[in-house]
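# Secondary and tertiary structure notes
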Amino acid sequence: MSNGYEEHMGGDEGKDSKTNLIVNYLPQSMSQDELRSLFSSIGEVESAKLIRDKVAGHSLGYGFVNYLNPSDADRAISTLNGLRLQSKTIKVSYARPSSDTIKDANLYISGLPKAMTQKDVEDMFSRFGHIINSRVLVDQATGTTGASRGVAFIRFDKRAEAEEAVKTLNGQKPPGAAEPITVKFAANPNQVKNTQIISQLYHNQSRRFGGPVHHQAQRFRFSPMGVDHMSGVGNVNVPGNSNSGWCIFIYNLGQDADESILWQMFGPFAPSPTSR
DNA sequence: ATTGAGCGT
C-alpha cells in the first residue's frame, strides 16, 4: 500500500543529505569491507554498503557511505573523488534520498554525426534538464582524440527530463545532419550481456539444427549441449550453493530479479536433454 | 554500435 512518497521523517528529513555519499565506478574486486576501510581513512563511518547483484551476489560497482559528521563527507568528496583504483577512477558525490523519480534517467543516443563532440551533444540535450554525466563513444581507446562512433550516453538528474528528451529528439535530425538520431533509454549491463548470450546461443543452435530455431524450442534445447559454447560467459558464483562451481543465468533486468529469470543452469546438475 | 553497472533490504 505504501507508494514511497509518504513523509515520516519529522522535522529534519535532510539530515543525512549532508553525510551520505554515493560512490561510483568502484573496481569489480572491491569488497564492502574495503569500501568502508577506504572511507574510514577520512573519518568515522556510520555505514557502508556495497550494492550487489540480487541473484549472483557480485558487485555492481557502486555503493553508499554514510558518515557521522558532515564535514567528513565533505572532505571525502574533495580527497577521494577522482581517486584511481586499479584502472578505475572512482566518483564520490552526495547521495540523494532514494526516489523513483531519479532512477532510469540514462539515455542511449545513436546515429549522431561523427563531428559532434561531447559538448555539442550536451548542448543539444541540456534544455530538457540537468545532465549528470555524458559520454561519446570513440573508436579506439585513443582518449578524446579518437573518432566518434556516433553513439553517446547522457544521464539526466530526473527520469521525467530524460523522457522529455526521448519524446522530443528521437527521430529528429540535428541541425545540418543528414540522418535522424535515435534516442532511447539505455539498457543496463545485464540486458546487454543477456542479449549477447542469447544471440550467441541462437547462433549455435541455428548452426546445429540447420536453420532458425523457434524461441520455445530454443529455450527447451539450451541445456548441456550449449555449455561449451557459453563457458566464457558464465562462471557466476552462487552464495549458498556449495556443490556447483559455476552457474549461468539468463535473466531480464529492470524488475525483480527473482521473477525475471528466463533460464538458469548449475554445473554438475545440468539437466539432460529430455528425450533420450 | 549499450559506457566507467548512478540511488540501496
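Labelled according to an unreviewed UniProt entry, chain A appears under the name ELAV-like protein, originating from Dissostichus mawsoni. Taken verbatim from the UniProt record of chain A, the Sequence similarities (unreviewed entry) comment is "Belongs to the RRM elav family."

### Some details on the packing of aromatic side chains
Within this structure, the stated rule accounts for two aromatic pairs. When the ring of Tyr-62 is compared with that of Phe-64, the centres are 6.2 Å apart and the planes differ by 75°; the resulting orientation is edge-to-face. What makes Tyr-62 partly exposed here is its relative accessible area of 28%. Judged by relative accessible area, which is 27%, Phe-64 ranks as partly exposed.

### So, helix H2 (residues 70-80)
Along H2, the positions that sit buried rather than exposed are Asp-72, Ala-73, Ala-76, Ile-77 and Leu-80. End-on view of H2: buried residues confined to an arc of 145°, all on one side of the axis. If you follow the buried residues of H2, they end up packed against strand E1 (20-24), helix H1 (32-40), strand E3 (59-67) and strand E6 (91-94). The N-cap residue of H2 is Asn-69: its side-chain oxygen and the backbone nitrogen of Ser-71 are 2.9 Å apart. Looking at the residues trailing H2, positive phi occurs at Gly-82, about 90°.

### A closer look at the protein's contact with DNA strand B
Lining the immediate surroundings of DNA strand B are 36 residues, of which Thr-89, Lys-91, Ser-98, Asn-106 and Arg-135 lie closest. Asn-106 is positioned with one of its side-chain polar atoms (N or O) 2.4 Å from a base oxygen of DNA strand B. Looking at the surface near DNA strand B residue by residue, the classes come out as 17 nonpolar, nine polar and ten charged.

### Brief notes about the pairing of strand E2 (residues 45-52)
Sheet analysis places E2 next to E3, joined by six bridges and oriented antiparallel. Along E3, the bridge assignment pairs Ala-48 with Val-65. Connecting E2 to the next strand, E3, in antiparallel fashion are six residues, including Gly-57 with a positive phi near 85°.

### Re the sheet that holds E2
An order of E2-E3-E1-E6 is seen for the four strands of this open sheet, with the pairing classed as antiparallel. If you trace the sheet from one side to the other, it starts and ends with E2 and E6, each paired once. With direction set aside, neighbouring strand axes in the sheet form an average angle of 20°. Each of E1, E2, E3 and E6 touches H1; the most contacted strand, E2, lies at about 145° to it. Where H2 meets the sheet, it contacts E1, E3 and E6, and its direction lies at approximately 150° from that of E6.

### Some words on the nonpolar core
Counting 20 residues, the largest nonpolar core has Leu-107, Ile-109, Leu-112, Val-121, Phe-125, Phe-156 and Val-183 as the members making the most contacts within it. Breaking this core down by element, the ones donating at least two residues are strand E7 (106-110), helix H3 (118-125), strand E8 (131-138), strand E9 (148-156) and helix H4 (159-169). For this core, the element with the most residues is H4, which contributes four residues. Excluding its chain neighbours within four sequence positions, the residues that come into contact with Val-121 are Leu-112, Met-116, Val-136, Ala-152 and Ile-154. Counting residues in hydrophobic clusters, the runner-up holds 19 residues, among them Leu-21, Phe-39, Ile-42 and Leu-50.

### Focus on the domain arrangement of chain A
For chain A, the domain assignment lists domain 1 (21-91) and domain 2 (106-190). Summarising the inter-unit geometry, the C-alpha centres of domain 1 and domain 2 are found 28 Å apart.

### Some words on the environment of Pro-27
Among the secondary structure elements, Pro-27 is positioned in the loop between E1 and H1. Along the backbone, Pro-27 and Pro-70 are 43 residues apart, and their C-alpha atoms lie at a distance of 26 Å. Discounting chain neighbours no more than four positions away, the residues touching Pro-27 are Leu-85, Gln-86, Lys-88 and Ile-90.

Definitions and cut-offs
Residues numbered from 1 in each chain as written. Chains lettered and ligands numbered in written order. Predicted model: local features only at pLDDT ≥ 70, side-chain atom pairs only at ≥ 80, totals over all residues. Heavy atoms only, no water. UniProt positions renumbered as here; feature names shortened; annotations may be inferred. Phe/Tyr/Trp six-rings, centres within 6.5 Å; stacked < 30°, edge-to-face > 60°. Buried < 20%, exposed > 50% of the residue type's maximum accessible area, 1.4 Å probe, protein only. Helix = DSSP H or I, 4+ residues; strand = E, 2+ residues; numbered from the N terminus. Arc of directions from axis to C-beta. Contact = heavy atoms within 4.5 Å. Polar contact = N/O pair within 3.5 Å; in protein donor to acceptor, adjacent residues only side chain to side chain. Near = heavy atom within 4 Å. Nonpolar A, V, L, I, M, F, W, Y, C, P; charged D, E, K, R; others polar. Pairing = 2+ DSSP bridges. Axes fitted to C-alpha atoms, helices over the stretch in contact; angles between N-to-C directions. Core = buried A, V, L, I, M, F, W, Y, C linked by side-chain atoms within 4.5 Å. Domains from an automatic or database assignment.

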